[in-house]
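Structural overview for review
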Amino acid sequence: MRFSTVQGPRGSNDTVRDVRGFATKFYTDEGNWDLVGNNIPVFFIQDAIKFPDFVHAVKPEPHNEIPQGQSAHDTFWDFVSLVPETAHTVLWTMSDRAFPRSYRSMEGFGIHSFRLIDREGKSRFVKFHWKPVSGTFSLLWDEAHKLWADPDYHRRDLWEAIEKGDYPEFEFGIQVIEEEDEHSFDFDILDPTKIIPEEMVPVIPIGKMVLNRNPDNFFAETEQVAFCPAHIVPGIDFSNDPLLQGRLFSYNDTQMSRLGGPNFHEIPINQPVCPTHNNQRDALHRQTINTGQASYEPNSIDGGWPRETPPGPENGGFESHYERVDAHKVRARSDSFADHFSQATLFWNSQTDVEKEHIIEAYSFELSKVKRPWIRERVIKEILPNIDLELARRVGENHGIEAPTQPTATPAQLGKSSCQDSPALSLIRARKPKGIKSRKVAILIADGVDGEQVEALQRKLKDEGAEGILIAPKMAPIKTLNGTTLTPDELLSGQPSVAMDAVFVPGGPDSVRALSAAGLGRHYVQEAYMHLKVIATLGEGRQLLADAGLPTTEEGILNGASADDIFSEFVEALSQHRIWSREAQAASISA
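These notes cover the structure that comes with them. (Residues numbered from 1 in each chain as written. Predicted model: local features only at pLDDT ≥ 70, side-chain atom pairs only at ≥ 80, totals over all residues. Heavy atoms only, no water.)

When helices and strands are tallied, the protein shows 18 helices and 17 strands. Over its C-alpha atoms the protein spans a radius of gyration of 27 Å, differing by no more than 12% from the 25 Å that the globule rule assigns to 591 residues. Seen through its C-alpha atoms, the protein measures out along the principal axes to roughly 90 × 65 × 50 Å. Sorting the 591 residues of the protein into buried and exposed places 51% on the buried side. For the protein, the share of sequence-separated contacts (at least 6 apart) that also reach a separation of at least 24 residues comes to 71%. In the structure as shown, the protein presents an accessible area of about 27200 Å², 51% of it carried by carbon and sulfur atoms. A distance of 3 Å separates the average location of the 60 positive side-chain charges in the protein from that of its 86 negative side-chain charges. (Helix = DSSP H or I, 4+ residues; strand = E, 2+ residues; numbered from the N terminus. Rg over C-alpha atoms; globule rule 2.2 N^0.38 Å. Buried < 20%, exposed > 50% of the residue type's maximum accessible area, 1.4 Å probe, protein only. Contact = heavy atoms within 4.5 Å. Areas by Shrake-Rupley, 256 points an atom, 1.4 Å probe, with all protein chains shown as cover. Lys, Arg positive; Asp, Glu negative; His and termini not counted. Charge placed at Lys NZ, Arg CZ, Asp CG, Glu CD.)

One broad rule of soluble globular proteins: the nonpolar side chains tend to lie buried together. Judged by nonpolar contacts, the single largest core of 47 residues is most densely connected at Trp-77, Leu-91, Tyr-363, Leu-384, Ile-387 and Leu-391. The set of elements that each furnish at least two residues to this core consists of α1 (51–58), α2 (74–82), α3 (87–93), α8 (342–349), α9 (353–368), α10 (373–383) and α11 (389–399). No other element matches α9, which puts five residues into this core. Counting 36 residues, the second-largest nonpolar core is a separate cluster that includes Ala-442, Ile-471, Ala-499 and Tyr-529. (Core = buried A, V, L, I, M, F, W, Y, C linked by side-chain atoms within 4.5 Å.)

What follows concerns the sheet that holds strand β17 (residues 557–560). Taken together, the six strands give an open sheet; going across it, the order is β14-β11-β10-β15-β16-β17, and neighbouring strands pair in parallel fashion. Of all strands in the sheet, those with a lone pairing partner are β14 (490–491) and β17, marking the two edges. In this sheet, β14 lies alongside strand β11 (residues 467–472) in parallel orientation, the contact comprising two bridges. Bridge assignment links Ile-471 to a residue of β14, and that residue is Glu-490. Packed on one face of the sheet, helix α17 (residues 563–574) meets β10 (440–444), β15 (502–505), β16 (534–538) and β17 and runs near 175° to β16. (Pairing = 2+ DSSP bridges. Axes fitted to C-alpha atoms, helices over the stretch in contact; angles between N-to-C directions.)

Taken residue by residue, α1 has Phe-54, Ala-57 and Val-58 as its buried positions. Burial along α1 is one-sided: seen end-on, the buried residues are contained in an arc of 90°. Close packing links the buried residues of α1 with α2. (Arc of directions from axis to C-beta.)

This next bit is on the side chain of Asn-32. Relative to the elements of secondary structure, Asn-32 occurs in strand β3 (residues 31–38). Owing to a relative accessible area of 10%, Asn-32 belongs among the buried residues under this scheme. Side-chain polar atoms of Asn-32 contact the backbone oxygen of Asn-270, separated by 3.1 Å. Beyond its immediate chain neighbours, meaning those up to four positions away, Asn-32 contacts Lys-25, Phe-26, Tyr-27, His-231, Ile-232, Val-233, Asn-270, Gln-271, Pro-272 and Val-273. (Polar contact = N/O pair within 3.5 Å; in protein donor to acceptor, adjacent residues only side chain to side chain.)

Here we come to unusual backbone geometry. Looking along the chain, the bond that leaves Glu-297 and enters Pro-298 is cis, with omega of 0°. Residue placement: Pro-298 occurs in the loop between α7 (242–258) and α8. In the Ramachandran plot, Ile-111 falls in the positive-phi region, its phi being about 70° despite a non-glycine side chain. One non-glycine residue, Ala-283, lies in positive phi territory at about 75°.

Applying the stated criterion to the full structure yields 42 salt bridges. For the salt bridge of Glu-143 with Arg-578, the shortest nitrogen-to-oxygen distance reads 2.5 Å. Taken as a pair, Glu-143 in helix α4 (residues 141–146) and Arg-578 in the loop between α17 and α18 (583–586) lie far apart in primary sequence, 435 residues in all. The same class applies to Glu-143 and to Arg-578, which are both buried. In this structure, a network of salt bridges that share partners links the residues Arg-104, Asp-157, Asp-166, Lys-437 and Lys-440. (Salt bridge = Lys/Arg side-chain N within 4 Å of Asp/Glu carboxyl O.)

Position of Leu-444 relative to the elements: it lies in strand β10. Note on Leu-444: relative accessible area 0%, which makes it buried. Distance from Leu-444 to Gly-541, taken between C-alpha atoms, is 9.3 Å for residues 97 residues apart in sequence.

It is worth spelling out the packing of aromatic side chains at this point. Per the stated rule, a full pass over the model turns up 27 aromatic pairs. Taken together, a centroid distance of 5.4 Å and an interplanar angle of 85° make the contact between Phe-22 and Phe-170 edge-to-face. Linking Phe-22 in strand β2 (residues 20–28) with Phe-170 in strand β7 (residues 169–178), this pair joins segments that are 148 residues apart in sequence. Taken individually, Phe-22 and Phe-170 each receive the classification buried, so the pair is uniform in this respect. Through a chain of ring-to-ring contacts, the aromatic side chains of Phe-3, Phe-22, Phe-26, Trp-33, Tyr-103, Phe-114, Phe-128, Trp-130, Phe-170 and Phe-172 assemble into a single cluster. Over the aromatic face of Phe-227 sits the side chain of Lys-25, whose NZ or CZ is 5.2 Å from the ring centroid. The side chain of Arg-155 reaches across the aromatic face of Phe-218, ending 5.1 Å from its centre. (Phe/Tyr/Trp six-rings, centres within 6.5 Å; stacked < 30°, edge-to-face > 60°. Lys NZ or Arg CZ within 6 Å of the ring centre and 35° of its normal.)

Dropping the structure here:
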């Protein structure tokens with residue numbers, strides 16, 4: 001399993017606005033299957049022939065290598081504003097999906113339609129999905145920016161969770177479409193810029209992946225792993241998705257260049273667990289010492305071995321799906337690929353008002369970094385009105401550009417969608433798992449804290465599968481009100497609230513006074529409030545909120561004499577991830 005950012009080079013920040021790679025290598029007894037996907041279910045282009053153009057456009061500007069790992073620059077927006085098929089995926093990247101809370105809390109998608117072939121040779125189309133068992137959550141934009149101080153934030157979070165035994169789990173599911181139903185949708189299921197809404201074809205869970213081991217050596221097991229969409233096993237086959245068809249050969253070229261030659265499949269992390277023979281010999285980094293003189297098939301020198309496993313279910317070899325093709329071979333897009341906007345509109349309509357505001361802010365910010373005014377104008381006048389007129393108006397208003405009052409695309413480009421709303425596309429509306437497993441809760445402590453409250457709280461969090469992290473102004477042992485000592489896990493200045501999911505302030509008059517006297521203590525809860533996090537206080541802990549100028553009673557702020565008084569309410573609030581009703585009030589906080 002390998003997670004990654006897409007645009008940035010090695011060493012770039014984990015929390016930039018970007019698509020995340022989500023690649024899985026299955027080691028089966030019939031060979032390796034590589035499912036090479038992303039955390040966004042669609043891609044920017046429809047045809048692999050445009051892939052070099054897209055990559056060149058999104059890379060840092062060639063004259064100064066700026067910006068790294070970001071899309072807020074002229075060449076990217078110039079390209080996507082001239083290629084309207086990018087509109088759907090660009091909209092996803094302007095949403096909160098581009099800022100996953102962690103690698104443990106993002107979905108994965110195979111993107112393309114593949115084929116499943118049963119024992120009788122019947123083919124069905126399939127799309128592959130990974131869904132995190134602990135739920136899908138995002139960072140806020142301001143949190144993502146502040147987390148740039150830790151460029152390894154997502155990698156560190158994943159590593160530490162696995163080391164602690166808090167193993168990330170992903171449910172594996174499939175959407176299955178009968179071959180005779182291929183043309184029954186109002187979009188082409190072979191178009192990689194389109195999803196199949198879950199309301200139309202539900203995702204069927206068929207398995208679970210548990211990440212229960214970290215690499216022993218990052219370079220050997222992660223840097224050298226080679227994924228290739230062409231690596232499949234019997235029972236799976238490719239569709240005629242034109243982007244997929246290009247990916248089938250391009251990845252092999254990439255691995256030969258990146259890993260030093262054609263023998264990258266012999267690197268231990270890439271080796272199948274079943275015996276394989278491909279008649280390949282020699283070249284750089286060859287590991288296998290072959291015997292015999294014949295490296296070709298057929299041969300009569302070495303008894304005819306190695307030879308290809310005969311195809312078909314009865315023999316075990318791979319057999320491509322039989323498909324009759326009766327048409328002209330032309331270099332042209334199918335008319336069914338003309339729709340560029342209907343699903344972008346579906347995504348927009350499926351978002352909550354809060355999520356729509358975040359998208360408006362994202363477009364406004366990204367375009368503010370575009371220096372050429374005609375590119376900004378083209379996005380606002382020729383792309384956004386075809387997604388939603390209000391979206392275009394609001395972004396245009398922020399840039400002093402009057403947006404059109406009617407869509408500007410052709411009817412074919414606008415398309416039609418029989419699905420007008422899909423809750424599964426919204427992070428806020430989507431079904432949330434019960435409980436708070438894997439959540440990180442900051443427990444703010446200083447000398448004089450009520451140690452019994454802290455210990456009771458840590459026990460309760462552990463029972464729920466969450467982690468209580470003791471955060472203090474110093475790393476020296478903390479003397480409690482009860483005469484015991486507590487060892488802090490992190491410094492107030494070293495583990496900011498943006499890395500936490502919620503905040504608890506235990507009682508103890510001296511502890512609360514010390515936290516209030518420290519600007520960092522007040523800032524900590526102010527920032528957590530601004531980022532819509534649950535804040536709970538016990539006893540005198542409530543005073544820290546008052547000293548920070550925050551409300552002490554409202555939704556998402558809980559107060560009690562003991563953890564027992566408020567813990568069930570705390571779990572319920574935290575399971576929703578954020579207190580979205582607070583966003584208007586939080587905008588006035590200057591943390």
